[in-house]
Amino acid sequence: MKVINKYRISIDENGYVNGFSVVSEGGDFVGQMSDYPDACEGWTKFLNGQFIEDLEKKAEIIAQREAEAAKPTQLDIVEAQVTYTALMTDTLIDVVEEDE
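In what follows, the accompanying structure is described. Everything numeric in this text was worked out from a predicted model, so none of it was measured. (Residues numbered from 1 in each chain as written. Predicted model: local features only at pLDDT ≥ 70, side-chain atom pairs only at ≥ 80, totals over all residues. Heavy atoms only, no water.)

**Re helix α1 (residues 55-70)**
Right, so step 1: The terminal C-alpha atoms of α1, which comprises 16 residues, lie 22 Å apart, in line with the 22 Å expected from a rise of 1.5 Å per residue.
Right, so step 2: Its side-chain oxygen at 3.2 Å from the backbone nitrogen of glutamate 56, aspartate 54 defines the N-terminal cap of α1. (Helix = DSSP H or I, 4+ residues; strand = E, 2+ residues; numbered from the N terminus. Expected span 1.5 Å × (residues − 1). Polar contact = N/O pair within 3.5 Å; in protein donor to acceptor, adjacent residues only side chain to side chain.)

What follows is the structure, given as structure tokens:
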């Protein structure tokens, strides 16, 4: 059985949903927010009682997230520098892998 709640939808300055809260009276939306798992991801607007995905904004946000994930981490940078230094100073240690 699905629980139906009343929600107050929070909108950012650009008109996108950025949060929601359950209210006992009033509210902007009656239903179940779990039916809209991506509502607060930054690409959904709430217009006339309906959630509308902005597909251009969604593609832009996903591309930004993928670009950010592809960047090397601080650990990657340090490991590369250590390896480079070891190779240049001929101090690279051989790793012996044991059979499992």
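Here the narrative resumes.
**Some thoughts on a nonpolar patch on the surface**
Right, so step 1: Where nonpolar side chains cluster on the molecular surface, the patch consists of Tyr84, Leu87, Met88 and Leu92 and spans about 450 Å² of accessible area.
Right, so step 2: With respect to the helices and strands, the residue methionine 88 is situated in helix α2 (residues 74-88). (Patch = residues over 30% accessible without salt bridge, like charges linked within 9 Å, V, L, I, M, F, W, Y side chains within 5 Å. Areas by Shrake-Rupley, 256 points an atom, 1.4 Å probe, with all protein chains shown as cover. Salt bridge = Lys/Arg side-chain N within 4 Å of Asp/Glu carboxyl O.)

**Focus: the side chain of glutamine 32**
Right, so step 1: Note on placement: glutamine 32 falls in the loop between β3 (29-31) and β4 (44-47).
Right, so step 2: Within the local environment of glutamine 32, its side chain forms a polar contact with the side chain of tyrosine 7, the two groups lying 2.9 Å apart.
Right, so step 3: Discounting chain neighbours no more than four positions away, the residues touching glutamine 32 are Lys2, Val3, Asn5 and Tyr7. (Contact = heavy atoms within 4.5 Å.)

**A closer look at the environment of proline 72**
Right, so step 1: Of note, proline 72 is situated in the loop between α1 and α2.
Right, so step 2: When its relative accessible area of 53% is taken as the criterion, proline 72 is described as exposed.
Right, so step 3: Separated by 18 residues in sequence, proline 72 and aspartate 54 place their C-alpha atoms 30 Å apart. (Buried < 20%, exposed > 50% of the residue type's maximum accessible area, 1.4 Å probe, protein only.)

**Here we look at the pattern of salt bridges**
Right, so step 1: Within this structure, the stated rule accounts for four salt bridges.
Right, so step 2: Here lysine 71 makes a salt bridge to glutamate 68, at a shortest N to O gap of 3.4 Å.

**Considerations on the nonpolar core**
Right, so step 1: Ranked by size, the top nonpolar core spans eight residues in total: Tyr7, Ile9, Val17, Phe29, Met33, Ala39, Phe46 and Phe51.
Right, so step 2: Setting aside its immediate chain neighbours within four residues, phenylalanine 29 contacts Asn5, Lys6, Tyr7, Ile9, Tyr36, Phe46, Gly49 and Phe51. (Core = buried A, V, L, I, M, F, W, Y, C linked by side-chain atoms within 4.5 Å.)

**Observations concerning the packing of aromatic side chains**
Right, so step 1: All told, the structure shown has seven aromatic pairs when counted by the stated rule.
Right, so step 2: Judged by centre distance (5.5 Å) and plane angle (80°), the rings of tyrosine 7 and phenylalanine 20 are edge-to-face. With tyrosine 7 in strand β1 (residues 5-11) and phenylalanine 20 in strand β2 (residues 17-23), this pair connects stretches of sequence that are 13 residues apart.
Right, so step 3: The exposure class of phenylalanine 20 is partly exposed, given its relative accessible area of 41%.
Right, so step 4: Here phenylalanine 29 and tyrosine 36 contribute two aromatic rings whose centre-to-centre distance is 5.7 Å and whose plane-to-plane angle is 80°, an arrangement assigned as edge-to-face.
Right, so step 5: Across from the ring centre of tyrosine 16, 4.8 Å away, lies the NZ or CZ of lysine 45, which sits over that ring.
Right, so step 6: Lysine 57 extends its terminal NZ or CZ atom over the ring of tyrosine 16, reaching a point 5.4 Å from the ring centre. (Phe/Tyr/Trp six-rings, centres within 6.5 Å; stacked < 30°, edge-to-face > 60°. Lys NZ or Arg CZ within 6 Å of the ring centre and 35° of its normal.)

**Points about the pairing of β4**
Right, so step 1: Covered by surrounding structure in β4 are Thr44 and Phe46 only, the residues Lys45 and Leu47 on the alternate face being uncovered.
Right, so step 2: Counting the residues between successive antiparallel strands, the hairpin from β4 to strand β5 (residues 50-53) contains two residues, one of them, asparagine 48, with a positive phi of roughly 50°. (Pairing = 2+ DSSP bridges.)

Worth remembering: the numbers are spatial, not functional.
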